[in-house]
Amino acid sequence: IAVAANVALRDYPQLVQKVLIVDLDVHQGNGNAVLFEDDPRVFTFSVHCTQNFFSKERVSDLDVELPKGSGDDDYVALLRKHLKPLLEHTQPDLVYYQSGVDVSRDDRLGHLELTADGVRRRNELVYDAVLTLNADGSSTSKKPPLLVVCMGGGYPKDLNPESSSFKAVVEHHAQVYVGAAQACARL
């Protein structure tokens, strides 16, 4: 994401002047946080599990932490609270969505308890908020930002392709893109 954001800012300045990284992988987006800590053109937003740091914690522009075991309603409520106001405030030209499915209860590393419905609701919230930004009928003529969906973590509890956790993680990954197609079709 960092390389792609830098290339977009460098090579397409007429289209991209402000980037928002929405990192919803279960681990903090600490790599992007440190790489863009002094770049006002890129805003880093990470929602992650407090008990799930595998490397040094960094400070994103906005970090939202959830305790171990958090489920659908808590996750979606926190995302709803922060995402739309953040989009309205930053007015990005380009949004990178790190859509980690390691937030799922089917994940062996994640420590969160989102169901398939919770992951779907999370994705829909992101797609709808980004794709409808500036579509409120106001006097602004700015178009919604470009949206790039990036796949993130998803680690089955069992590596047997026939196991329920393996099938569930694969389905969560597939639903990220199915949901993106459905959101675009709704436009």
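The rules behind the values
- Numbers given for residues are sequential positions, taken from 1 along each chain in its written order.
- In view of the model being predicted, local features appear only for residues whose pLDDT reaches at least 70, and side-chain atom pairs are presented and counted only at 80 or more, with totals across whole chains, interfaces and linings using the full set of residues.
- To obtain the side-chain values, all non-hydrogen atoms of the structure were included, while hydrogens and water were left out.
- Secondary structure elements follow DSSP: runs of H or I of four or more residues count as helices, runs of E of two or more count as strands, with numbering from the N terminus.
- The salt bridge definition used is simple: a Lys or Arg side-chain nitrogen within 4 Å of an Asp or Glu carboxyl oxygen.
- Each residue gets one of three labels from its accessible area relative to the maximum for its type: buried under 20%, exposed over 50%, partly exposed in between, using a 1.4 Å probe on protein chains only.
- Definitions used throughout: a 1 Å grid over protein atoms alone; a cavity as a set of points that fits a 1.4 Å probe which cannot get out; a pocket as an open set with protein on both sides within 12 Å along at least five of seven lines; a lining residue as one with an atom within 4 Å of a point.
- Grid points are joined across faces, edges and corners, and a volume is the space filled by probe spheres set on the points.
- Amino acid classes used here: Ala, Val, Leu, Ile, Met, Phe, Trp, Tyr, Cys and Pro are nonpolar; Asp, Glu, Lys and Arg are charged; the rest, including Gly, are polar.

Q: It is not clear to me how unusual backbone geometry should be interpreted in this structure. Could you clarify?
A: Comment: phi is negative for the bulk of residues other than glycine, and the bulk of peptide bonds are trans. With a phi angle near 45°, Gln91 is a residue other than glycine that sits in the positive phi range. Positionally, Gln91 belongs in the loop between helix H3 (72-90) and strand S4 (94-99). With a phi close to 70°, His111 is a non-glycine residue in the positive phi region. Structurally, His111 can be placed in the loop between S4 and helix H4 (116-131).

Q: What exactly am I supposed to notice about the pattern of salt bridges here?
A: Should their charged atoms come close, side chains of opposite charge can pair. Throughout the structure, instances matching the rule amount to nine salt bridges. Its salt-bridge partner being Arg41, residue Asp39 comes within 2.9 Å of it at the nearest N-O pair. Under the relative-accessibility criterion, Arg41 is labelled partly exposed at 35%. For Glu162, the salt bridge goes to Lys167, with nearest N and O atoms at 3.7 Å. In this structure Glu162 comes out as exposed when scored by relative accessible area, which is 58%. According to the relative accessible area criterion, Lys167 is partly exposed, its value standing at 44%.

Q: What is the right way to read empty space enclosed by the protein from this model?
A: Once rolled over the atoms, a probe with the size of a water molecule shows which space is left empty. Here the structure, examined in full by the defined rule, presents one cavity of 30 Å³ or more. The space that makes up the largest cavity amounts to roughly 50 Å³. In terms of lining residues, the largest cavity is bounded by Arg120, Asn123, Glu124, Gln175, Gly179, Gln182 and Arg186. When contributions to the lining of the largest cavity are tallied by element, the ones reaching two or more residues are H4 and helix H5 (164-186). When residues of the lining of the largest cavity are assigned to their parent elements, the largest contribution, four residues, is made by H5. Residues that form the lining of the largest cavity fall into these classes: no nonpolar, four polar and three charged.

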